[in-house]
There are 2 protein chains.
Amino acid sequence: MQKAIAGIDIGGTKIAVALADSEGRMLSHLRFPTQVELGAHRILDNTITAIERMIQESGAKLIAIGVGCGGPMNRQRGVILSPTNLPGWDEFPIVEMLNRRFDVPVSLDNDANAAALGEYECGAGRAFDNLVYITISTGIGGGVILGGEIVHGVGDGTGEIGHITVQPDGVPCACGSRGCLEALCSGTNIARRAKERLSNGEQSSMRTMVTDLSDVTAHTVTDAARDGDALAREIWDDTIRFLAIGINNIIVTLAPEAIILGGGVSTAGEQLLAPLRRQLEARVKIMPLENIRIVQAALGGESGIYGALILARRAAASREA
Amino acid sequence: MQKAIAGIDIGGTKIAVALADSEGRMLSHLRFPTQVELGAHRILDNTITAIERMIQESGAKLIAIGVGCGGPMNRQRGVILSPTNLPGWDEFPIVEMLNRRFDVPVSLDNDANAAALGEYECGAGRAFDNLVYITISTGIGGGVILGGEIVHGVGDGTGEIGHITVQPDGVPCACGSRGCLEALCSGTNIARRAKERLSNGEQSSMRTMVTDLSDVTAHTVTDAARDGDALAREIWDDTIRFLAIGINNIIVTLAPEAIILGGGVSTAGEQLLAPLRRQLEARVKIMPLENIRIVQAALGGESGIYGALILARRAAASREA
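Source: prediction; values computed, not measured. Within each chain, residues carry numbers counting from 1 in the order of the written sequence. The naming scheme follows written order: chains are lettered A onward, ligands numbered 1 onward. It should be noted that, the model being predicted, local features are given only for residues of pLDDT at least 70 and side-chain atom pairs only at 80 or more, the latter also being counted only at that level, while totals for whole chains, interfaces and linings use all residues. The side-chain values count all of the structure's non-hydrogen atoms but skip hydrogen atoms and water molecules.

### Observations concerning the overall build of chain A
Right, on to step 1. Each helix and strand counted, chain A has 10 helices and 12 strands in total.
Right, on to step 2. As defined in this context, the radius of gyration uses C-alpha atoms, and a globule is described by 2.2 Å times the residue total to the power 0.38. Expected size for 321 residues packed as a compact globule is a radius of gyration near 20 Å; at 20 Å, chain A falls within 12% of this value.
Right, on to step 3. C-alpha extents for chain A along the principal axes are approximately 65 × 45 × 35 Å.
Right, on to step 4. Categorising residues by exposure relies on relative accessible area from a 1.4 Å probe, with only protein chains included: less than 20% of the type maximum marks a residue as buried, more than 50% marks it as exposed, and the intermediate range marks it as partly exposed. Relative to its 321 residues, chain A shows a buried fraction of 57%.
Right, on to step 5. In what follows, a contact means two residues having at least one pair of non-hydrogen atoms within 4.5 Å. Within chain A, counting contacts between residues at least 6 apart in sequence, those at least 24 apart form 62% of the total. Under the DSSP-based scheme used, a helix requires at least four consecutive residues in state H or I and a strand at least two consecutive residues in state E, with every element numbered from the N terminus.

So this is what it looks like as structure tokens:
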């Protein structure tokens, strides 16, 4: 009987589930909205049903599950602890519940760590052993991979790079600190900065791009900046400058072989990467920057589900060992 | 015949040499001024002579040498590349030269990495597997230890934390960038900031503590601040604030179990640590800071030579394996 592994990537807006053979080749793949209003138990039930159906269709035997999910979490206990993007997931013992249903090893990790692992094995990080993955989305998170392994740190705190200070005594951050990278450069906060400037009455073509100011997103800013709008360009330039400070700090601390940018904002591609590289060249002087690749994630929104499958494969391998 | 390992710690002002038995217990220890004017070859000759005498006196057989030295260097090739504190050490093949004289494995590493290793095995880091060592001295350097191993990174760049940006678009740094931690908080730059304020005519008891303004050091600032001098306190408070930004950035990136502070400025002890911990409590909000120890180095000026001996012991062990 063919052996299969399952990956689950749980996000605030959608859940991805995938089945792969024991070498990691994807057999099936499903994506559905999270419907946070259903609550953790029903969402997990639906996810389990999806996996059971996939297994049945494949005729394979499940040997391990990998799960990527927003933190905070207690990986040792396999418990999710109140992620901001999953209201109601408080002390949710996801590993125990999956164990109960499938009786296979379950490996749980932070969604950014899973995405970092996905890019490392299947995406933009394949040529490197040491890399930092940064997701710039609703929030800013990260994953650090050294020697092919996720670095977790005390309380799984490694990679909380959204909370690098890039503006000392700057704007308040949701975490309670000030001037954090996330408070300025997450998709939400790029949009916030644009909306504040527009509310002040500043001229911009962004007004004509939305029916209501509240509809302004980071994509409104990048689109308008690409079309030459002065205000959008200023906001985007500031974004790049703050990102360059944050990434400089990661580079001088770790000197990774690659910085991989994922998440919605990274889809701006060269509009993000070209000026970011220029800013980094002006800032990183203590080491030759040409040895460090600054690249876009290759798997886009799929980094996380690939990572979850790798978590599963590694869990199966360590069980066999 | 008893086996011995030798450690060499090469600094800009002094060189330490030590001999230890194969379990790392120190047999003899010598320290002498670097006399940079003699040049790399004669300095190394004197160092080799010191080691040969120690070996002779101990009656032991040398099996490995560890060397800590200021960077930049090419560890793979065993070559020192123009450290700022060792003028004339350009492309100096120190490993080959030691190999030629002693015919034993030689392990070369950055002095801050060696000091980190010394604190990890013999000092303030003994309870931890993952730590960041920061030396605040003439410059600011660092070493990152994860799972008991020095992290080196691309071009041995890991731990260049003196070049974390803590003041965006701030004062120029010797590296060519701006607003680096080192440009504000190294001993030299703490003194520079004090001298600038004093040159502007500001009142301070620091004037009475030196015969000439050029004699002001970081210790003048900490001494005057301890005695309540308002200007010295302001300069010291700024120092702590910049250090807290830099250390916040290390903590959220790596979440190490401990941050260990060494180097001359760290001898201020609780005058440094107490306000630094308070500033970090106000800044690090994304993870519980009580899980991360912020402590002073335990070996003082000896961290480096202990680290060099550990490099030697590890080199001997990997040769045997």
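### Some remarks on the side chain of A:N249
Right, on to step 1. With respect to the secondary-structure elements, A:N249 resides in helix 8 (residues 230–254).
Right, on to step 2. For A:N249, a relative accessible area of 1% puts it in the buried group.
Right, on to step 3. In protein, a polar contact requires one atom able to donate a hydrogen and another able to accept it; more generally it is a pair of N or O atoms within 3.5 Å, and residues adjacent in sequence count only if both atoms are side-chain atoms. There is a polar contact of 2.8 Å between the side chain of A:N249 and the backbone nitrogen of B:T165.
Right, on to step 4. Dropping the residues within four chain positions of it, A:N249 is found in contact with A:I164, A:T165, B:I164, B:T165 and B:N249.

### Here's the deal with the packing of aromatic side chains
Residues and elements named next belong to chain A.
Right, on to step 1. Note on aromatic pairs: the rings of Phe, Tyr and Trp (six-membered ring only in Trp) are paired at centre separations within 6.5 Å, and the planes decide the class, stacked below 30 degrees, edge-to-face beyond 60, tilted for the rest. This model, assessed by the stated rule, comprises two aromatic pairs over all chains.
Right, on to step 2. Pairing W89 with F92 gives two aromatic rings, centres 5.0 Å apart and planes at 65°, and the pair type is edge-to-face.
Right, on to step 3. Assessed through its relative accessible area of 3%, F92 is described here as buried.
Right, on to step 4. Look at NZ for Lys and CZ for Arg. If either is within 6 Å of the ring centre and within 35 degrees of the ring normal, a charge sits over the ring. Cation over ring: R241 sits above F242, and NZ or CZ is 5.1 Å from the ring centre.

### Comments concerning the pattern of salt bridges
Residue and element names in this part refer to chain A.
Right, on to step 1. When a carboxyl oxygen of Asp or Glu lies within 4 Å of a side-chain nitrogen of Lys or Arg, that pair is called a salt bridge. Per the stated rule, a full pass over the model turns up 36 salt bridges over all chains.
Right, on to step 2. With its nearest N and O atoms 2.4 Å apart, the salt bridge here joins E302 to R31. Of this pair, E302 sits in the loop between strand 12 (293–296) and helix 10 (303–320) while R31 is found in strand 3 (residues 26–33), placing the two residues 271 residues apart along the sequence.
Right, on to step 3. Judged by its relative accessible area of 35%, R31 falls in the partly exposed class.
Right, on to step 4. One salt bridge connects E91 with R77, and the closest N-O pair in it is separated by 3.0 Å. Of the two residues, E91 is situated in the loop between strand 6 (79–80) and helix 2 (94–102) and R77 in the loop between strand 5 (73–74) and strand 6; the sequence distance between them amounts to 14 residues.

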